[in-house]
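# Reading the structure
Residue strings, one per chain:
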Amino acid sequence: MINLTRKNEDLTRVGILLFCGFFSFMLNPTAYTWGEQDMMPFFERLSDPDFLPGDFFTNTTVIKNPRWVYGYLISGLSTLTGLSWYTTLYIGKLILLICLPVLYYKVMKVLLGRYLDQEKLENVSWFILLGTILTVVFTEYRHVFSVAWWDNYKPVINSANISLATCFVGILLRETKKTPFVHVLFFVLGALLHPAMGIFCVVFYFSFLLPHFKRELGNIIKISVSCLIAVVFIKLFFSSDTQLSTAKFIEYYIVERHPWHYHVPKFDHWFGNWHYFFLLMNVLLWSALIFGLIKKNKYLIQLGFISSFGYVASIGLQYIFVEIYPVKLIAYLGVTRYSVFGYWAMIMLWAFVLAHFDQNWVKFKLPNLSLKVVIAVFINFMILGMLYLDNPRDIKSWKWRDFYSFVEDTPVESTFLTYSEGLNTNLRIIGRRPVFIAKEFPFVESKIEEYINRYRMAYGSKLGRLQGNDYFRVLTPVDFVEMGKRYPLDYIVVEAKFSSGFNEYTPVWSNDILKVFSLTDLK
C-alpha cells in the first residue's frame with residue numbers, strides 16, 4: 001500500500017510539471033521565435049526547391065553541415081504525417097515543452113536514487129519539484145542562476161533541446177533498467193542531433209556515476225564509445241570541406257558573433273556583472289560540499305566536488321583554450337554551455353543535504369493522481385495548445401501590414417537590408433525575400449568568412465565603437481552602394497527618424513516608421 005501511495009504522489013508531481021510545461025508554452029504559443037528561426041530557411045528550401053535562390057543564408061543551409069540531422073528529422077516527420085513543416089515544428093515544440101520539466105525532474109530523482117533510500121528520496125522530492133517549477137515558470141529566476149546567457153532551461157524547440165531530451169530519456173531507461181541496450185541508442189541519437197549537447201549530457205550523467213566508478217565502468221565505456229562514434233560520423237559526413245584556421249574560427253565564431261556566450265572577457269548577464277552570479281552558484285555548490293564534509297558523507301563530498309569542478313571547468317576550459325592556448329575543438333564545442341547543468345546539480349546536492357534531516361518537509365498532501373488522469377491531462381493540454389496554432393505569415397499588426405504589402409509587390413529576387421537583424425529574419429520568412437544579412441549564423445565553415453564580411457559592412461564589428469543598429473544608422477547612401485558592388489542588394493530599409501542622410505533621395509515606400517530606398521536610386 002505504501003509503494004502504491006508513493007507512486008501516486010509522484011504522478012501528482014508529474015501532473016503539476018505537465019501543467020508548468022504547458023504554461024511555459026502558453027506564455028508564447030508559437031514556434032516562430034529566435035530559438036527556431038535559424039532552421040526555417042532549411043525547412044522552406046526542402047519543401048520548395050525554388051525558395052529564395054538568391055538568399056545567402058538559405059543557400060548555406062543546404063550545404064552539408066551538422067544541423068542536417070535535426071533538419072531532416074523535422075522534415076521527415078513532416079513528410080510522414082503529411083503536415084506542413086511549421087505545423088510539425090509547432091506540435092513538436094508543444095510536446096517538448098509540456099514534457100521537458102518532467103524529464104528534468106525524473107532524471108534528478110533517478111540519479112539521486114543511487115544515493116538515497118526510497119523514503120528519504122520521496123521526502124525531498126517536493127524540493128526537487130519546487131526547483132524545477134521555479135526555473136520553468138519564472139524567467140528572471142533562471143536568469144539568476146545562469147552565466148554567459150546560458151539559461152538552465154530554454155522553452156524552445158531546437159537541436160540542442162531535442163538532444164538533451166533524447167539523452168535524458170536514455171538516462172531514465174538505463175537507470176530504471178527498462179532495456180538492456182536501447183538506452184545507448186538514445187545517447188547516440190542525442191549526439192547526432194547536437195554533438196556538443198549530447199557530449200555534455202553524457203558528462204553530466206557520468207558525474208553522478210563516478211562515485212560508483214568500478215561498478216559503472218562498463219556502462220561508461222559503452223556510452224562513451226557509442227557517442228564518440230556518433231560524433232565521428234557527424235565529422236566525416238556532415239562537416240564542411242573548407243576549414244578555417246583556429247585563429248580565424250575564434251575571431252569569427254567567438255569574438256565577432258557570439259562573445260556573450262563564448263568569449264569569457266566579454267561575458268554578459270541580464271542583471272549586471274556575471275562574476276557575481278558565477279560566484280553565487282559556486283557558493284551554493286561548495287556549501288553542499290562543506291555540509292558533506294561536516295557530516296562525513298563520502299557520496300555528498302564526492303558529488304559536491306565533481307559538480308563544483310565541472311561547473312568551474314566549463315568556464316575555465318573555455319578561457320584557457322580560447323584565450324591562452326587556442327584549441328579549435330574547444331572553441332567549436334563551446335564548453336561554457338555545460339554551465340547550464342550547474343543549476344540542476346545544485347538542486348540535487350541541496351536535496352541530498354535536506355535528506356540528512358530525515359523528515360518529510362511537506363506536511364500537506366495533494367490528491368493522488370492515477371496514470372489515466374495524468375495521460376488525460378497531457379491529452380487535454382495538447383488539444384488546448386493546438387487551438388493556438390499560428391501562421392507566421394499572418395500579419396496581424398497594421399504597423400507592418402502595409403510594409404509587407406509593399407514587399408510582396410517587389411520582384412521575388414529583390415534583396416533587402418534593414419536597420420534590424422530581426423526584421424531581416426522576418427523579411428526572409430514572412431516577406432519571402434532574400435536579405436543581405438541577418439543574425440542567423442551559418443554552420444558551414446566555407447561560408448563563415450563571407451557572413452562576417454557582410455555583417456561587418458551592415459552592422460559593424462564587435463571590436464568597433466559602434467555596433468548593430470547604431471552602426472547601421474550612421475551608414476550613408478555611398479556605403480550601401482559599395483555593399484551592392486560586392487554582394488546582391490536592391491532595397492534598404494531605414495528608420496524614418498534616422499533618415500536625414502537620405503534627404504536628397506526619394507523613398508520608394510514610406511510611412512511614419514520606415515523609409516525604403518532602392519539602391520538604383522542611390523547610385
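Throughout what follows, the structure given in this document is the object of discussion.

About the thresholds
- Residues numbered from 1 in each chain as written.
- Predicted model: local features only at pLDDT ≥ 70, side-chain atom pairs only at ≥ 80, totals over all residues.
- Heavy atoms only, no water.
- Helix = DSSP H or I, 4+ residues; strand = E, 2+ residues; numbered from the N terminus.
- Buried < 20%, exposed > 50% of the residue type's maximum accessible area, 1.4 Å probe, protein only.
- Contact = heavy atoms within 4.5 Å.
- Phe/Tyr/Trp six-rings, centres within 6.5 Å; stacked < 30°, edge-to-face > 60°.
- Lys NZ or Arg CZ within 6 Å of the ring centre and 35° of its normal.
- Salt bridge = Lys/Arg side-chain N within 4 Å of Asp/Glu carboxyl O.
- Expected span 1.5 Å × (residues − 1).
- Bend = angle between axes of the 7 residues up to and from the residue.
- Polar contact = N/O pair within 3.5 Å; in protein donor to acceptor, adjacent residues only side chain to side chain.
- Pairing = 2+ DSSP bridges.
- Axes fitted to C-alpha atoms, helices over the stretch in contact; angles between N-to-C directions.
- Parallel < 35°, antiparallel > 145°, perpendicular 65-115°, else oblique.
- Left-handed = near helix turned anticlockwise from the far one by under 90°.

Below, the discussion takes up the side chain of H143. As for its position among the elements, H143 is in helix 8 (residues 139–144). Relative accessible area serves as the criterion here: at 9%, H143 is assigned to the buried category. Residues within four places of H143 in sequence aside, it is in contact with D151, H269, W270 and F271.

Here we come to the packing of aromatic side chains. Scanning all chains against the criterion turns up 56 aromatic pairs. On the basis of an interplanar angle of 15 degrees and a centroid distance of 4.1 Å, the ring pair of Y104 and W344 is categorised as stacked. Here W344 lies in helix 18 (residues 340–355) and Y104 lies in helix 6 (residues 85–112), a separation of 240 residues in the sequence. With relative accessibility at 4%, the residue Y104 sits in the buried group. Between F278 and Y311 the ring centres are 5.4 Å apart and the planes differ by 25 degrees, which places this aromatic pair in the stacked class. Of this pair, F278 sits in helix 15 (residues 274–295) while Y311 sits in helix 16 (residues 298–324), and the two are 33 residues apart along the sequence. Each member of the pair, F278 as well as Y311, is classed as buried. Its guanidinium or amino end placed over the ring of F436, R454 lies 5.3 Å from that ring's centre, counting from NZ or CZ. The residue whose ring lies beneath R454 is Y487, and the NZ or CZ to ring-centre distance is 4.4 Å.

A few words on the pattern of salt bridges. For the structure on display, the rule yields 23 salt bridges. Notably, a salt bridge pairs E216 with R174, separated by 3.2 Å at the nearest N-O pair. Separated by 42 residues along the polypeptide, E216 in helix 12 (residues 213–238) and R174 in helix 9 (residues 159–175) bring together distant segments of the chain. A single burial state applies to E216 and to R174, both of which are buried. Among the ionic pairs, R454 bridges to E450, the shortest N-O distance being 3.0 Å. Placement of the pair is R454 and E450 together in helix 22 (residues 445–459), with a separation of four residues, close to one helical turn. With a relative accessible area of 23%, E450 lands in the partly exposed category. Overlapping salt bridges, with partners in common, bring together D10, R13, K106, K109 and E122 in one network.

Under the 1.5 Å per step criterion, the end-to-end length of helix 7 (residues 118–137) is 28 Å for 20 residues, consistent within 8% with the ideal 28 Å. Of all bends in helix 7, the biggest is about 40 degrees, found at V124. At the N-terminal boundary of helix 7, the capping side chain belongs to D117, with an oxygen 3.2 Å from the backbone nitrogen of E119.

Here the focus is the pairing of strand 4 (residues 514–518). Within strand 4, four of the five residues are buried, which leaves it mostly tucked inside the rest of the structure. Summarising the sheet, strand 2 (residues 491–495) and strand 4 pair through five bridges and their orientation is antiparallel. The residue of strand 4 that forms the bridge with I492 is F517. Of the strand pairs in this sheet, strand 3 (residues 509–510) and strand 4 are connected by two bridges, and their pairing is antiparallel. Its bridge partner lying in strand 4, S510 is registered against K515. Where strand 3 folds back on strand 4, the antiparallel hairpin that results is connected by three residues.

At their nearest, the axes of helix 13 (residues 246–257) and helix 22 sit 10 Å apart, and the two run at 45 degrees to each other. In terms of axis orientation, helix 13 runs oblique to helix 22. The element helix 13 and its partner helix 22 pack so that their crossing is left-handed. Contacts from F249, E251, Y252, E256 and R257 in helix 13 reach E445, I448, E449, Y451, I452 and R456 in helix 22.

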